[in-house]
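Descriptive structure summary
Here is how the chains run, residue by residue.
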Amino acid sequence: MSHPLSYLHDQLEGWKREGTYQRLRVLESEAAAESRFDGKEVINLASNNYLGLTTHPKLREAALEAVRKYGVGSGAVRTISGTMRLHMQLEERIAAFKNVEACVVFQSGFAANAGTVSALLTPDDHIISDELNHASIIDGCRLSKAKIHVFPHKDVGAAEKLLAGLDEAPGRKLLISDGVFSMDGDIGPLPGLVEAAEKHGAIMMVDDAHSSGVLGRNGRGTIDHFNLHGRVQVQVGTLSKAIGVLGGYVCGSRDLIEFLYHFHFASAGRGCRLPGSLRCTGG
Ligand SMILES: *Cc1c(COP(=O)(O)O)cnc(C)c1O
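Residues numbered from 1 in each chain as written. Predicted model: local features only at pLDDT ≥ 70, side-chain atom pairs only at ≥ 80, totals over all residues. Heavy atoms only, no water.

Regarding the nonpolar core
If you look at the biggest cluster of nonpolar residues, it comprises 22 residues, and the most contacted ones within it are V117, L121, I127, M205, V250 and L256. When residues of this core are traced back to their parent elements, those giving at least two are strand 3 (102–106), helix 5 (109–120), helix 6 (135–144), strand 6 (173–178), strand 8 (234–238) and helix 10 (254–269). Among the elements that take part in this core, helix 5 stands out by supplying five residues, more than any other. Contact partners of L121, with chain neighbours within four places excluded, come to H126, I127, S144, A146 and L174. Counting residues in hydrophobic clusters, the runner-up holds 18 residues, among them I128, L166, M204 and L228. (Core = buried A, V, L, I, M, F, W, Y, C linked by side-chain atoms within 4.5 Å. Buried < 20%, exposed > 50% of the residue type's maximum accessible area, 1.4 Å probe, protein only. Helix = DSSP H or I, 4+ residues; strand = E, 2+ residues; numbered from the N terminus. Contact = heavy atoms within 4.5 Å.)

See the structure below:
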């Protein structure tokens with residue numbers, strides 16, 4: 001009998017033959033402009049550590065201080081007994097920075113996107129999504145089983161047409177775009193999209209993973225850059241890019257954040273965890 005996972009070996013060999021096999025590059029120094037990968041000194045143009053915060057002395061000191069005071073973990077998922085004062089302070093600080101009522105932090109931007117889209121939508125609902133939106137948005141959508149309508153990259157007219165076509169359809173509509181797109185770094189046409197969402201009663205959601213720390217006053221992101229405060233109901237961001245650490249967050253109204261706390265709390269009660277709780281949704 002062959003090993004039950006032998007097909008993986010065959011696939012790997014196939015990738016090697018085709019020249020598409022990818023090897024992980026190993027960072028052997030700090031993540032800095034000049035880094036050492038696999039024994040070679042290089043200029044690192046592939047990092048998202050835009051502001052150099054991964055190695056900022058104050059962040060190093062704060063992280064060490066927290067480890068000394070609290071240890072290296074919370075001992076439980078947030079929904080059971082793992083929500084620390086530090087989490088709440090972080091959420092308050094991010095909410096103030098983003099000029100919104102409230103914020104919830106997740107383990108990653110990926111989990112924040114997937115966890116939010118899947119929580120907000122049901123199979124009766126619709127998501128109108130730019131074709132180059134991040135994979136985590138698509139995953140959230142698949143988990144929610146909502147109907148996905150994809151519009152060509154940055155095509156506001158096409159997005160509006162899709163929304164107009166759904167005016168009579170039952171269910172909620174969520175219009176979603178990256179603030180800055182992850183592949184080419186171009187900026188989403190948010191003013192036009194926000195207008196279309198308002199005209200057709202859709203929820204507006206922006207994934208500002210790349211723009212936070214880069215665009216807007218003091219890096220507040222694309223909503224600030226375009227002065228769209230109060231008109232984007234769901235804002236997602238990550239701490240793993242310009243902020244230089246790890247984690248993701250969702251910003252919006254107090255109700256949105258309370259809903260996300262409770263949605264994931266209910267899931268945890270059924271034996272699932274954040275973000276594994278995602279697996280419990282849609283059923
Ligand atoms: C990187 C990225 C994410 C995921 O963030 P992580 O915290 O790394 O999981 C989500 N959306 C966009 C647009 C991104 O570029």
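Structure shown, so let's carry the discussion forward.
Observations concerning the site of the ligand
Every one of the 15 residues lining the ligand counts as a neighbour, but G109, F110, D207, T238 and K241 are closest to it. In the environment of the ligand, a nitrogen atom lies 3.5 Å from a nitrogen or oxygen atom belonging to the side chain of H134. The separation between an oxygen atom of the ligand and a polar side-chain atom of K241 is 2.6 Å. Protein chains shield 87% of the accessible area of the ligand, which is 380 Å² for the free molecule. Examining the composition of the shell around the ligand, we find that three residues originate from one element, helix 5, more than from any other. Taken together, the residues of the shell around the ligand break down into two nonpolar, ten polar and three charged. (Near = heavy atom within 4 Å. Polar contact = N/O pair within 3.5 Å; in protein donor to acceptor, adjacent residues only side chain to side chain. Areas by Shrake-Rupley, 256 points an atom, 1.4 Å probe, with all protein chains shown as cover. Nonpolar A, V, L, I, M, F, W, Y, C, P; charged D, E, K, R; others polar.)

What about the packing of helix 7 (residues 156–165) against helix 8 (residues 190–199)?
Helix 8 packs onto helix 7 with a crossing angle of 10° between their chain directions and a minimal axis gap of 9 Å. Of the possible angle classes, the one that applies to helix 7 and helix 8 is roughly parallel. In this structure, helix 7 uses V156, A159, E160 and L163 to contact helix 8, whose residues at the interface are G192, L193, A196, A197 and K199. The residue inventory of the contact of helix 7 with helix 8, partitioned by class, reads six nonpolar, one polar and two charged. (Axes fitted to C-alpha atoms, helices over the stretch in contact; angles between N-to-C directions. Parallel < 35°, antiparallel > 145°, perpendicular 65-115°, else oblique.)

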